[in-house]
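If you want the building blocks of each chain, they are given just below.
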Amino acid sequence: MSIRDEVVEILANKAAVMTQRPASDFNADTQFDADLHLKSVQYVQMSAALEDEYEVEVPYMDFRKMKTFGDAAAFIAEQFGE
């Protein structure tokens, strides 16, 4: 599994907990704002999950600019040179 796929899976699992929907409802095209309607604290929770998993800094303001799970996956993959 690629880092991008892992990131999407982590975010899907986090979104499933937040929304009480199956993780399979979410994919790389899932939009943080339009689909999930996240509040600030939920953005922090999502970025913290990635920071904990990959031990990289995910600046809050940069994370807020990401529109989709795929955008976040690309950001993390870039941190690892992919």
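Preceding block: the structure.
Rules of the game
Residues numbered from 1 in each chain as written. Predicted model: local features only at pLDDT ≥ 70, side-chain atom pairs only at ≥ 80, totals over all residues. Heavy atoms only, no water. Salt bridge = Lys/Arg side-chain N within 4 Å of Asp/Glu carboxyl O. Buried < 20%, exposed > 50% of the residue type's maximum accessible area, 1.4 Å probe, protein only. Core = buried A, V, L, I, M, F, W, Y, C linked by side-chain atoms within 4.5 Å. Helix = DSSP H or I, 4+ residues; strand = E, 2+ residues; numbered from the N terminus. Axes fitted to C-alpha atoms, helices over the stretch in contact; angles between N-to-C directions. Parallel < 35°, antiparallel > 145°, perpendicular 65-115°, else oblique. Left-handed = near helix turned anticlockwise from the far one by under 90°. Contact = heavy atoms within 4.5 Å. Nonpolar A, V, L, I, M, F, W, Y, C, P; charged D, E, K, R; others polar. Phe/Tyr/Trp six-rings, centres within 6.5 Å; stacked < 30°, edge-to-face > 60°. Lys NZ or Arg CZ within 6 Å of the ring centre and 35° of its normal.

Participant: Give a description of the pattern of salt bridges that names residues and reports values.
Facilitator: Scanning all chains against the criterion turns up one salt bridge. Taking the shortest distance from any N to any O, the salt bridge between Asp-25 and Arg-21 comes out at 3.3 Å. Judged by its relative accessible area of 39%, Asp-25 falls in the partly exposed class. Exposure remark for Arg-21: the relative accessible area of 35% places this residue in the partly exposed category.

Participant: Pulling in residues and values, what's your account of the nonpolar core?
Facilitator: Nonpolar side chains in soluble globular proteins generally cluster together in the buried interior. Counting residues in each nonpolar core, the largest one holds 27 residues, and the members touching the most others are Phe-32, Met-46, Leu-50, Phe-63, Phe-69 and Ile-76. Looking at this core, the elements that each hand over two or more residues are helix H1 (3-19), helix H2 (40-54) and helix H4 (69-79). At eight residues, H1 tops the list of elements feeding residues into this core.

Participant: Go over the packing of H1 against H4, please, and point to the residues and values.
Facilitator: Geometry of a packed helix pair, given as the angle between the helix axes and the separation of the axes. Relative orientation of the contacting elements H1 and H4 amounts to 135 degrees, with a least axis distance of 8 Å. As the angle between them shows, H1 and H4 are arranged oblique. Where H1 crosses over H4, the handedness of that crossing is right-handed. Residues Ile-3, Arg-4, Val-7, Val-8, Leu-11, Ala-12 and Ala-15 of H1 pack against Phe-69, Ala-72, Ala-73, Ala-74, Ile-76 and Ala-77 of H4. Its residues placed into classes, the contact of H1 with H4 shows twelve nonpolar, no polar and one charged.

Participant: How would you summarise the packing of H1 against H2 if you had to cite specific residues and measurements?
Facilitator: At their nearest, the axes of H1 and H2 sit 10 Å apart, and the two run at 140 degrees to each other. By the angle between their axes, H1 is oblique relative to H2. As for the relative orientation of H1 and H2, their crossing is right-handed in sense. Within the contact between the two elements, H1 uses Ile-3, Glu-6, Val-7, Ile-10, Leu-11, Lys-14, Ala-15 and Met-18 and H2 uses Gln-42, Gln-45, Met-46, Ala-49, Leu-50, Glu-53 and Tyr-54.

Participant: Talk me through H4; I want residue IDs and the actual numbers.
Facilitator: Given 3.6 residues to a turn, an α-helix orients residues that are three or four positions apart in the same direction. Taken together, the buried positions of H4 are occupied by Phe-69, Gly-70, Ala-72, Ala-73, Phe-75, Ile-76 and Ala-77. As for H4, its buried residues are in contact with H1, H2 and helix H3 (60-65). Within two residues after H4, Gly-81 carries a phi angle of roughly 75 degrees, on the positive side.

Participant: Lay out the packing of aromatic side chains in plain terms, naming residues and giving numbers.
Facilitator: What characterises a pair of aromatic rings is the spacing of the ring centres plus the angle enclosed by the ring planes. Inspection of every chain in the model, using the stated rule, returns six aromatic pairs. Here the aromatic rings of Phe-26 and Phe-69 are separated by 6.4 Å at their centres, their planes lie at 35 degrees, and the arrangement is tilted. Residue Phe-26 is located in the loop between H1 and H2, and its partner Phe-69 is located in helix H4; the two are separated by 43 residues in the primary sequence. Given a relative accessible area of 7%, Phe-26 falls into the buried group. Judged by relative accessible area, Phe-69 falls into the buried class, the value being 0%. Here Tyr-43 and Phe-63 contribute two aromatic rings whose centre-to-centre distance is 6.2 Å and whose plane-to-plane angle is 80 degrees, an arrangement assigned as edge-to-face. Residue Tyr-43 is located in helix H2, and its partner Phe-63 is located in helix H3; the two are separated by 20 residues in the primary sequence. Neither residue differs from the other here; Tyr-43 and Phe-63 are each classed as buried. Feature note: the residues Phe-26, Phe-32, Tyr-43, Phe-63 and Phe-69 constitute an aromatic cluster, connected by ring pairs. Here Arg-64 stacks its cationic end above the ring of Tyr-43, 4.0 Å away from the centre of that ring.

Nothing here speaks to function; it is geometry throughout.
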